[in-house]
Amino acid sequence: MALITVNLFSGSLMRTVPVNVILPVDKQTDALMRDGATGAFSPHVPDGGFKTLYLLHGIFGNYTDWVSGSCIQRWAEERDLAVVMPSGDNRAYVDQPASHDYYGRFIGEELVALTRAMFPLSTRREDTFIGGLSMGGYGAFRNGFRYAGTFGRIASLSGAFLVDGFAERTDDVSRFFESRAFTEAVYGDADAVRGSDKDPTWLAEQLVESGAPLPEIYLACGVDDGLYEANLETLRRLRALGYDVTYEEGPGGHNWAFWNRYIEHVVEWLPLGDAQAGVNSGNVGL
C-alpha cells in the first residue's frame, strides 16, 4: 500500500496545502508476487482508474488524522480504493472570500482536478465519493451537494450539522469554536447561514429542484454523541426530500472509537466490487 504525502499549491487558497493519499498501486497479491519473481510485475491499476474517496478531517485535525486514527489504509487496500485526505484547518470547508480561503472550491473542484492529474484515478462521477467526520462530515455534505456533478456518494460520521443554532450564538461561551465571533469568521453573518449555500440541507433541496441526479447518502452517529439529535434532524430532512439515505447508529460518542468502526461501514457501503487483499505486514500469506 502506497501512502503518499503531497504538498501542492492551491490557487483557491493561495498557499501550499499538505495532502495524504492512499493509493494501492503497489498492491502485491500472491499471483503478482509469483509473476514478479519472473520479471513480469506491473503496477496494480484497475480498469478505468481507482475509485476514490475524498476524506475530510474534523476540527483541530489535519491531513494525518484518518491514517493515524483509523484503519482506513488497510480497508482501502483490501477494496482497491484510493483515499485523498487534505488539510482543511478549522475552516469548515466553506468559501471565505475576504481572506481568499476558498475551501469549498478547493475541495469540490481544484483538489479533484489536481489529484486526477497526478494519480490514476477514475474520472467518473459514480466512482468518486466524499466523506468526513464531525466538521468534515458537514464539509462532505456541503460540498457533496454543492458539487453533486462530481460526487456520486456522500458519507458523514457524527456530522457537525449545527447551522440551525448559529443565529442564537453569543460570545459568552468557554469554547472559542462555539462563539458567534468564530462562527461569523468562518461562515459569515450568523443570521444568514440558514438557507444559504453553507446550509447542506438547503443545497440538497436546491439539487432536487434542479432535476439533477442525486447522490446517495450514508449517515452515522453515536447515540451518546452531543450531535446525535442534529444528525437525526438532517436524516429526517433528507428523506423528506426523497434522498436515498443509509443511516446507522450505535453505542459511542464523538471519538475515534466510533469513527474507526463506522468508516469500515462506509467502505463496505461504497460500490467497490470484489478485490483480493494484498500481501503486507498484516497479511503475510503464511
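### Description of the overall build of the protein
Right, on to step 1. Of regular secondary structure, the protein possesses 9 helices and 10 strands.
Right, on to step 2. Computed over the C-alpha atoms, the radius of gyration of the protein is 19 Å, within 12% of the 19 Å expected from 2.2 N^0.38 for a compact globule of 286 residues.
Right, on to step 3. For the C-alpha atoms alone, the extent of the protein along its principal axes is close to 70 × 40 × 40 Å.
Right, on to step 4. In the protein, buried positions account for 52% of the 286 residues.
Right, on to step 5. Long-range contacts, defined as pairs at least 24 residues apart, comprise 71% of the intrachain contacts of the protein with a sequence gap of at least 6.
Right, on to step 6. In the structure as shown, the protein presents an accessible area of about 12,200 Å², 51% of it carried by carbon and sulfur atoms.
Right, on to step 7. Between the centroid of the 23 positive side chains of the protein and the centroid of its 38 negative side chains there is a distance of 2 Å.

### Some thoughts on the side chain of Ser156
Right, on to step 1. Structurally, Ser156 can be placed in strand 8 (residues 153–157).
Right, on to step 2. A relative accessible area of 0% means that Ser156 is categorised as buried.
Right, on to step 3. Not counting residues within four places of it along the chain, the set of residues in contact with Ser156 comprises Gly132, Gly137, Phe141, Phe161, Tyr218, Leu219 and Ala220.

### With respect to the packing of aromatic side chains
Right, on to step 1. Tallied over the full model, the rule gives 14 aromatic pairs.
Right, on to step 2. Ring centres of Tyr138 and Tyr187 lie 5.8 Å apart, and the angle between their planes is 75°; on these two criteria the pair is classed as edge-to-face. Taken together, the residues span a long stretch of sequence, with Tyr138 in helix 5 (residues 135–146) and Tyr187 in helix 6 (residues 180–187) at a distance of 49 residues.
Right, on to step 3. For Tyr187, a relative accessible area of 13% puts it in the buried group.
Right, on to step 4. Ring geometry for Trp256 against Trp259: centres 5.3 Å apart, planes inclined by 90°, an arrangement best described as edge-to-face. Of this pair, Trp256 and Trp259 both sit in helix 9 (residues 256–269), separated by 3 residues, roughly a single helical turn.

### A few points about the side chain of Asn143
Right, on to step 1. Residue placement: Asn143 occurs in helix 5.
Right, on to step 2. Since its relative accessible area comes to 0%, Asn143 is described here as buried.
Right, on to step 3. Residue contacts for Asn143: discarding those within four places in its chain leaves Tyr93, Gly104, Ile107, Ile130 and Phe151.

### Quick word on the pairing of strand 2 (residues 15–23)
Right, on to step 1. As judged from the 9 bridges shared by strand 1 (residues 2–10) and strand 2, these two strands associate in the antiparallel manner. Paired with Ile4 across the bridge in strand 2 is Val21.
Right, on to step 2. Taking the residues that link successive antiparallel strands as the turn, the strand 1-strand 2 hairpin has 4 residues, and the phi of Met14 there is positive, at about 55°.
Right, on to step 3. Of the strand pairs in this sheet, strand 2 and strand 4 (residues 81–86) are connected by 4 bridges, and their pairing is antiparallel. Within strand 4, the position partnered with Val19 by the bridge is Pro86.

### Re the pattern of salt bridges
Right, on to step 1. Scanning the model with the defined rule gives 16 salt bridges in all.
Right, on to step 2. With its nearest N and O atoms 3.5 Å apart, the salt bridge here joins Asp89 to Arg15. Placement of the pair is Asp89 in the loop between strand 4 and strand 5 (95–96) and Arg15 in strand 2, with a sequence separation of 74 residues.
Right, on to step 3. A salt bridge links Arg124 to Asp127; the nearest nitrogen and oxygen atoms lie 3.0 Å apart.

### Side note on helix 6
Right, on to step 1. Among all positions in helix 6, only Arg180, Phe182, Thr183, Val186 and Tyr187 are buried. For helix 6, the angular spread of buried residues about the axis comes to 160°, placing them on one side.
Right, on to step 2. Contacts made by the buried residues of helix 6 are with strand 5 and helix 5.
Right, on to step 3. Following helix 6 by one or two positions, Gly188 adopts a phi angle in the positive range, close to 90°.

Conventions used here
- Residues numbered from 1 in each chain as written.
- Predicted model: local features only at pLDDT ≥ 70, side-chain atom pairs only at ≥ 80, totals over all residues.
- Heavy atoms only, no water.
- Helix = DSSP H or I, 4+ residues; strand = E, 2+ residues; numbered from the N terminus.
- Rg over C-alpha atoms; globule rule 2.2 N^0.38 Å.
- Buried < 20%, exposed > 50% of the residue type's maximum accessible area, 1.4 Å probe, protein only.
- Contact = heavy atoms within 4.5 Å.
- Areas by Shrake-Rupley, 256 points an atom, 1.4 Å probe, with all protein chains shown as cover.
- Lys, Arg positive; Asp, Glu negative; His and termini not counted.
- Charge placed at Lys NZ, Arg CZ, Asp CG, Glu CD.
- Phe/Tyr/Trp six-rings, centres within 6.5 Å; stacked < 30°, edge-to-face > 60°.
- Pairing = 2+ DSSP bridges.
- Salt bridge = Lys/Arg side-chain N within 4 Å of Asp/Glu carboxyl O.
- Arc of directions from axis to C-beta.

Bear in mind that shape data such as this cannot, by itself, settle questions of function.
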